[in-house]
Amino acid sequence: RMIEPWQVETVRGSSSRGGRVALRALHRAITSRGRSPVIVPDGPRGPAHEFKAGAMILARQAKVSILPLALAPRRARRLRSWDRLFLPLPFTRVAVAIGELQTVGDLGGDRLEAERLRLEHVLRDLTAQADAAVGRRLEPSPGSRSGTSPGTSSDTGSGSGSETPSSFPSSS
């Protein structure tokens with residue numbers, strides 16, 4: 001409801017609750033209404049900074065590319081949630097790191113996991129760039145697995161641990 005004044009619609013769903021319905025609704029929004037969804041790819045339960053496959057599957061089915069981006073506020077309040085969600089303080093500067101369009105190829109066999117890891121790495125790099133732009137020091141992300149590249153102290157916008165909303169701008 002908070003984002004409705006900006007003509008943004010939401011589709012609620014996650015890998016653990018209402019995912020299939022949300023995926024279908026997002027697919028219709030892309031293919032029928034020309035919308036561009038914004039998806040929080042680490043899911044409602046984490047671990048933080050671990051890219052889940054839903055965005056890739058949606059992009060492949062809808063025949064669209066993924067535009068990865070990361071945000072980092074200069075000043076923010078950190079929540080004590082599993083993903084350490086940040087709330088930017090009023091009037092703070094926010095750095096936005098935007099990556100290159102990512103085309104999702106064949107997801108059969110071992111390709112799904114390889115593609116998931118590739119996109120996870122892209123988002124981690126963008127998060128590090130955004131953090132560096134606001135002078136935030138890097139630290140391992142909570143819940144990161146050993147052997148993966150380190151996360152950063154900021155998040156890519158993860159939810160609060162309940163359902164993860166996906167949103168997209170309205171064309172009106």
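Look up a bit, the structure's there.
As a starting point, this report considers the structure included with it. (Residues numbered from 1 in each chain as written. Predicted model: local features only at pLDDT ≥ 70, side-chain atom pairs only at ≥ 80, totals over all residues. Heavy atoms only, no water.)

**So, the nonpolar core**
For the record, the criterion: Only buried Ala, Val, Leu, Ile, Met, Phe, Trp, Tyr and Cys residues count toward a nonpolar core, and they belong to the same one when joined by side-chain atoms within 4.5 Å. The cut-offs for exposure are 20% and 50% of the maximum accessible area for each residue type, with area from a 1.4 Å probe on protein chains only; residues under the lower value are buried, those over the upper are exposed, and the others partly exposed. Put simply, DSSP marks the helices as runs of H or I at least four residues long and the strands as runs of E at least two long, and each gets a number from the N terminus on.
Counting residues in hydrophobic clusters, the biggest one holds 18 residues, and the most contacted among them are Phe51, Met56, Ile66, Val104, Leu119, Leu126 and Ala130. At the level of secondary structure, the elements contributing two or more residues to this core comprise helix H2 (54–62), strand E2 (69–73), strand E5 (94–98) and helix H3 (111–133). Counting residues in each nonpolar core, the second largest holds seven residues, with Ala22, Ala25, Ile30 and Ala62 among its members.

**Points about the pattern of salt bridges**
Definition in use: The salt bridge criterion pairs a side-chain nitrogen of Lys or Arg with a carboxyl oxygen of Asp or Glu, the two atoms within 4 Å.
This structure, assessed with the given rule, holds seven salt bridges. Residues Arg116 and Glu113 are paired through a salt bridge, measuring 2.9 Å at the closest nitrogen-oxygen approach. Residue Arg116 and its partner Glu113 are located together in helix H3, separated by three residues, close to a single helical turn. Under the relative-accessibility criterion, Glu113 is labelled partly exposed at 40%. Of the charged contacts in the structure, one is a salt bridge between Arg136 and Asp131, with a shortest N-O distance of 3.6 Å. Residues participating in the shared-partner salt-bridge network are Glu113, Arg116, Glu120 and Arg124.

**Describing the side chain of Glu115**
As for its placement among the helices and strands, Glu115 is situated in helix H3. Glu115 sits in the buried class, given a relative accessible area of 4%.

**Topic: helix H1 (residues 19–31)**
Working note: α-helix, 3.6 residues per turn, so residues spaced by three or four point in the same direction. So the rule is basically this: Between the first and last residue of a helix there are one fewer steps than residues, each counted as 1.5 Å, and that sum is the expected span. Here the arc refers to the directions that run from the helix axis out to each C-beta atom.
Under the 1.5 Å per step criterion, the end-to-end length of H1 is 18 Å for 13 residues, consistent within 8% with the ideal 18 Å. Three or more residues of H1 are buried, namely Ala22, Ala25, Leu26, Ala29 and Ile30. Along H1, the residues classed as buried sweep out an arc of 135 degrees about the axis, all on the same side. When the buried face of H1 is taken as reference, the exposed residues oriented beyond 90 degrees from it are Arg20 and Val21.

**Let's talk about the environment of Arg28**
Note that Arg28 resides in helix H1. Considering only alpha carbons, one finds Arg28 and Ala62, 34 residues apart in sequence, at a separation of 8.6 Å.

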